[in-house]
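Coordinate inspection notes
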Amino acid sequence: MMKLFKKLIKFSLISLLLMFLAYNSIYLYAKVTPKLSINSANGYYLYDKNGELFSGNSNDGWIKLKDISPNLINATISIEDKNFFNHDGFDYLRIVKAMYVNIKNKMKLQGASTITQQYARNLFLDFDKNWGRKINEAWLTVRLESHYSKDEILEGYLNTINYGGIFGIENASKYYFGKSASDLTLAEATILAGIPKSPSYYSPLVDQTAAKKRQQIILNSMVKNEFITEKQKNDAAKVELTYIGKSQKANLSTLMYYQNAVIDELKRIKSIPASFIETGGLKIYTNLDIEVQKNMEANINKYMDPKSSIEIASIVMDPNTGKIVALTGGRDYSKSQYNRAISAKRQVGSTMKPFLYYTALENGFTPSTTFTSTKTTFTFSEDKTYSPQNYGNSYPNKPISMAAALAYSDNIYAVKTHLFLGEEMLVNTMKRVGVKTPVAPIPSLALGSEEISLLEMMTGYAALANEGYKIEPSFITKVEDINGNILYEHNTQKESVLNKSIVYILNEMLNNCYATEFIDYNYPTCMSIASKLSKKYAIKTGTTDTDHLIFGYNKNLLMGLWSGYDNNTYTTSAEGSPIKHIWADTMESYFKDKDDNSWYNMPINIVGALVEPISGNLVTKNSNKKKILYYIKGTEPTSTEQNLDDLIPTIKTD
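Let me sum up the structure you'll find in this document. (Residues numbered from 1 in each chain as written. Predicted model: local features only at pLDDT ≥ 70, side-chain atom pairs only at ≥ 80, totals over all residues. Heavy atoms only, no water.)

Moving on, we get to the overall build of the chain. Along its length, the chain carries 20 helices and 21 strands. In the chain, which comprises 654 residues, the share counted as buried stands at 56%. Partitioning the intrachain contacts of the chain with sequence separation of at least 6 by distance along the chain shows that 72% fall at a separation of at least 24. (Helix = DSSP H or I, 4+ residues; strand = E, 2+ residues; numbered from the N terminus. Buried < 20%, exposed > 50% of the residue type's maximum accessible area, 1.4 Å probe, protein only. Contact = heavy atoms within 4.5 Å.)

One open sheet accounts for five strands, arranged β2-β1-β3-β13-β14; its pairing is mixed. Across the chains shown, the open sheet's two edge strands, defined by having one partner strand only, are β2 (53–55) and β14 (486–489). Adjacent strand axes in the sheet meet at a mean angle of 25 degrees when their direction is disregarded. The sheet contact formed by strand β13 (residues 476–481) and β14 spans three bridges and is antiparallel. Bridge pairing links V479 to Y488 in β14. (Pairing = 2+ DSSP bridges. Axes fitted to C-alpha atoms, helices over the stretch in contact; angles between N-to-C directions.)

Moving on, we get to the side chain of T525. Its location among the elements puts T525 in the loop between α19 (500–510) and β16 (538–543). Contact partners of T525, with chain neighbours within four places excluded, come to A407, Y408, S409, C513, T541 and K580.

What follows covers the pairing of strand β8 (residues 376–379). On a regular strand, each side chain points to the face opposite its neighbour's, so the side chains alternate between the two faces of the sheet. Pairing between β8 and strand β9 (residues 385–386): two bridges, direction antiparallel. By the bridge assignment, T379 is partnered in β9 with T385.

If you look at the biggest cluster of nonpolar residues, it comprises 100 residues, and the most contacted ones within it are I284, Y357, I476, L506, F518 and Y553. Looking at which element gives the most residues to this core, the answer is helix α18 (residues 454–465), with nine residues. If we skip the residues at most four places from it in the chain, Y553 touches Y461, L464, A465, N507, L510, Y537, A538, L558, W583, M587, W599 and Y600. Ranked by size, the runner-up nonpolar core spans 46 residues in total, among them I63, L186, I191 and Y243. (Core = buried A, V, L, I, M, F, W, Y, C linked by side-chain atoms within 4.5 Å.)

Inspection of every chain in the model, using the stated rule, returns 22 aromatic pairs. Their ring planes at 75 degrees and their centres at 6.4 Å tell us that F54 and Y258 sit as a pair that is edge-to-face. Here F54 is found in strand β2, whereas its partner Y258 is found in helix α12 (residues 252–268), with 204 residues between them in sequence. Residue classification places F54 among the buried residues on the basis of a relative accessible area of 9%. Note on F177 and Y243: the rings are 5.6 Å apart at their centroids and 45 degrees apart in plane angle, and the pair reads as tilted. A residue pair is termed long-range when its members are at least 10 positions apart, and F177 in helix α7 (residues 169–177) and Y243 in the loop between α11 (230–238) and α12 qualify at 66 residues. (Phe/Tyr/Trp six-rings, centres within 6.5 Å; stacked < 30°, edge-to-face > 60°.)

To describe two helices that pack against each other, one gives the angle between their axes and the distance between the axes. Contact geometry of helix α14 (residues 353–362) with helix α17 (residues 423–432) gives a least axis separation of 9 Å together with a crossing angle of 110 degrees. Considering the angle they form, α14 stands roughly perpendicular to α17. Here α14 contributes F355, L356, Y358, T359 and E362 to the contact with α17, which in turn contributes M425, L426, T429, M430 and R432. Taken together, the residues of the contact of α14 with α17 break down into six nonpolar, two polar and two charged. (Parallel < 35°, antiparallel > 145°, perpendicular 65-115°, else oblique. Nonpolar A, V, L, I, M, F, W, Y, C, P; charged D, E, K, R; others polar.)

It is worth spelling out the sheet that holds strand β4 (residues 311–318) at this point. Taken in spatial order, the five strands line up as β5-β4-β18-β17-β16 in an open sheet, and their pairing is antiparallel. Every other strand in the sheet has two partners, leaving β5 (323–328) and β16 as the edge strands with one partner each. The average undirected angle you get between the axes of adjacent strands in this sheet is 10 degrees. Pairing analysis gives six bridges linking β16 to strand β17 (residues 547–553), with the strands arranged antiparallel. Bridge pairing in β17 links K540 to F551. In the packing of helix α20 (residues 573–591) onto the sheet, contacts are made with β4, β16, β17 and β18 (558–564), and the angle to β17 comes to roughly 20 degrees.

Two numbers describe how α14 lies on helix α16 (residues 411–421): the axes approach to 10 Å, and their chain directions differ by 45 degrees. Taken as axis vectors, α14 and α16 run oblique relative to one another. Crossing of α14 against α16: the hand is left-handed. In contact with K353, L356, Y357, T359 and A360 of α14, α16 contributes N411, Y413, A414, T417, H418 and L421. (Left-handed = near helix turned anticlockwise from the far one by under 90°.)

Take the environment of T543 next. Along the polypeptide, T543 turns up in strand β16. Spatially, the C-alpha atom of T543 lies 9.5 Å from that of T571, the residues being 28 residues apart in sequence. For T543, the residues in contact, after removing those within four places along its chain, are G349, S350 and H548.

This part takes up the state of the cysteines. Evaluation of the coordinates by the stated rule reveals zero disulfides. We note that C513 lacks a disulfide partner, and the nearest cysteine sulfur, in C526, lies 3.7 Å from it. Residue C513 is classed as buried on the basis of its relative accessible area of 2%. (Disulfide = S-S within 2.5 Å.)

A few words on helix α8 (residues 186–194). An α-helix turns once per 3.6 residues; consequently, residues spaced three or four apart project the same way. Across the nine residues of α8, nine count as buried, placing the element largely inside the fold. When we look at burial in α8, the residues that qualify are L186, A187, E188, A189, T190, I191, L192, A193 and G194. Looking at the buried residues of α8, the elements they touch are α2 (70–80), α7, α9 (199–202), α10 (208–224) and α11.

Put into C-alpha cells, the structure is as follows:
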C-alpha cells in the first residue's frame, strides 16, 4: 500500500512538473512571437457608395486609460474580473468555481472569462463556440498577456467593447450622456459597465428597469471588493439619470441596422480571415446611399405614431444589381437591435399575388381573363372547405378581369386562379425567383399565408423589377485590409428565370393600383397616395390580421416595407396606412432631380388594346371607362373573354 502511495506521489509530482514546464513553455513561446498590433486590430471602417466613411468600430474614439474615469474602470473590473491585475490571463479558481456551480445546477449559471479573454474574443469577426475557435482565443489571450501590460490590455478592452451597439467607452459615454468618459460619475459609470453583459437587454434605452437592477449588482460588487463605501453605493443608486441616446454620426438609429447587416454578410465571405489580427483591421466598402437612408428614416419618423410600439422594416435596392442602398430593421436601434428586415419571417399577404398572376400569364391567362368575384366557399376532398373573404367584405358579384382583380387585390379571383393552375405552380415560381423559404402548396398560399422574410421577398420582387433575372441581394462591394490589399470584391450574378414580355404585362397591371380608370365598385389599393406619385411605378400592397406590406418599383429602384407588432397583435387598417406614404415619399425624393427614364421599354411582341378595365372586354360606344391593357400579340381580346368559373368544380357560391 505504501509503495502504491509513493508511486502516486511521484506520478503527481512529475505531472505537476510537466504541466509547469508546458505552461511556461507556452508563455515563453508567446513572448518570442511577433507582437500583436492591437491598436489597429478590431477596427473596421465602413464606407458608403461614394467612398465616404459613415460608421464602424474604428479607433477614432480611442481614449487613453488615464483619461477614463476611475469610476468606470473600477466598476468594470469589479463586475467582470476582480482578479484582473493578479492573473496571467486565466482565473483558474474562478474557472473551477464556475464549473462546479454549472455542473451542480445542470445549466450554465456562471462564466469565467477574464477581461483578457473577452478582449481576445473581440478580436474575431464572429462568436462561433467551436473548439478551434476557443483554442485560438486562448492562444490570443496568452499572446496578449505576454506582450502587453495590464493597463494596455484594459485600455484596449474598454475601447472596443460593445455598449449596446456603440463600441468603445468614449463613444458610449458621449452617446448615452453627452460627455467624455473622463467625466463619468459613479451612477453613470455603473450603468455603462452593466451593458456589455447583454447589450440588447441591459441598455437603459431598451429597459431601464433591467439596467437599474444590473447597476445595483455592480454597486454591490464594488462595495464587496472595497472600491466604494456603502454610502457611495446608496447615493449612486438614488441618482435619476437622463439619457441622450444620440450620436454625432448621421441617423445612427437606423444606420446601425445597415451596419449589422454588413457585418453579417462579411462573416459569410470565405476569403475574409477569421480574426482582425490577420488583417490589422478592415476597410469595408458598401452599397449604402446615405441620402436614401436619411430620407427613409425622416419619412418613418414623420408618419409613424411616436406613441405606438408598432414596428417597421424597410429595404431599398437597385434591382438590376441586388445592391441594397438603404435598410432599417426597426424604428430605433437603441431600443431594439432585432433586424426585422432580415431575421423576421411574417405572412406576406397579397404581396404574393404578382407571382401568382405571373404564373397565370405564363400559362395562357391574359389581363382580360375573368373569374366571378362573389362570396365563395371552396370545397375539397373529405369535405374540407375554405372561405376566403375580400377586404371589407366587398364583392362585385360579377365577372372581373385579372387587371381589375390585381388593382383591387381581390381574394376570390386570386384563389380561383391558384386552384385553376394547381397549387404547385405558385410554389415553383417562388423558387424560381429566389425565395428560399419553403412554401406549402395550399389554397391560402395565393393570399400570402406563408411566412417569408422581407429580404427574401425583395429578392423575388427584384426579378419583376429587372425584367426577369434572379439576383442575390448584397451590402458589400469590396473589402480591403488596413493596407489597402483587396480581400474580396463582389461580382453580380444574374440568372434569367422569367419571361421579359410577360413581366412587362404584369408590371403594367401593377401600375393600375393607383389608376383612376379602375375606380368603380371599389377603389384601387393605392389611391390614397396617387396624388404624390409623379413617376410611373408598379406597386403591390398586402395586409393580414397582423401585418402590412408594400413593394413598389420601376426599373431603377425597388423599395419594400413591412409594419406590425413583434408580438403579433392584431393591427387596424389605419396602422397600415403610414408605410404607403413612407414608400411614396422616399421613392419620389429619390427620383426628384433625375431624368424620367425609369419605366420599361415595351417588347416588340407586346400590343396594347383599349378595353373596359373591369370586364376586360374591348370598348364599345356604350363603354363608360377605358384603359389600355397589354397583351402578347395574338392574345388581345377580340370580343368577350371567356369566364373560367365553370372550369373549377370545387366552388360553391354562397
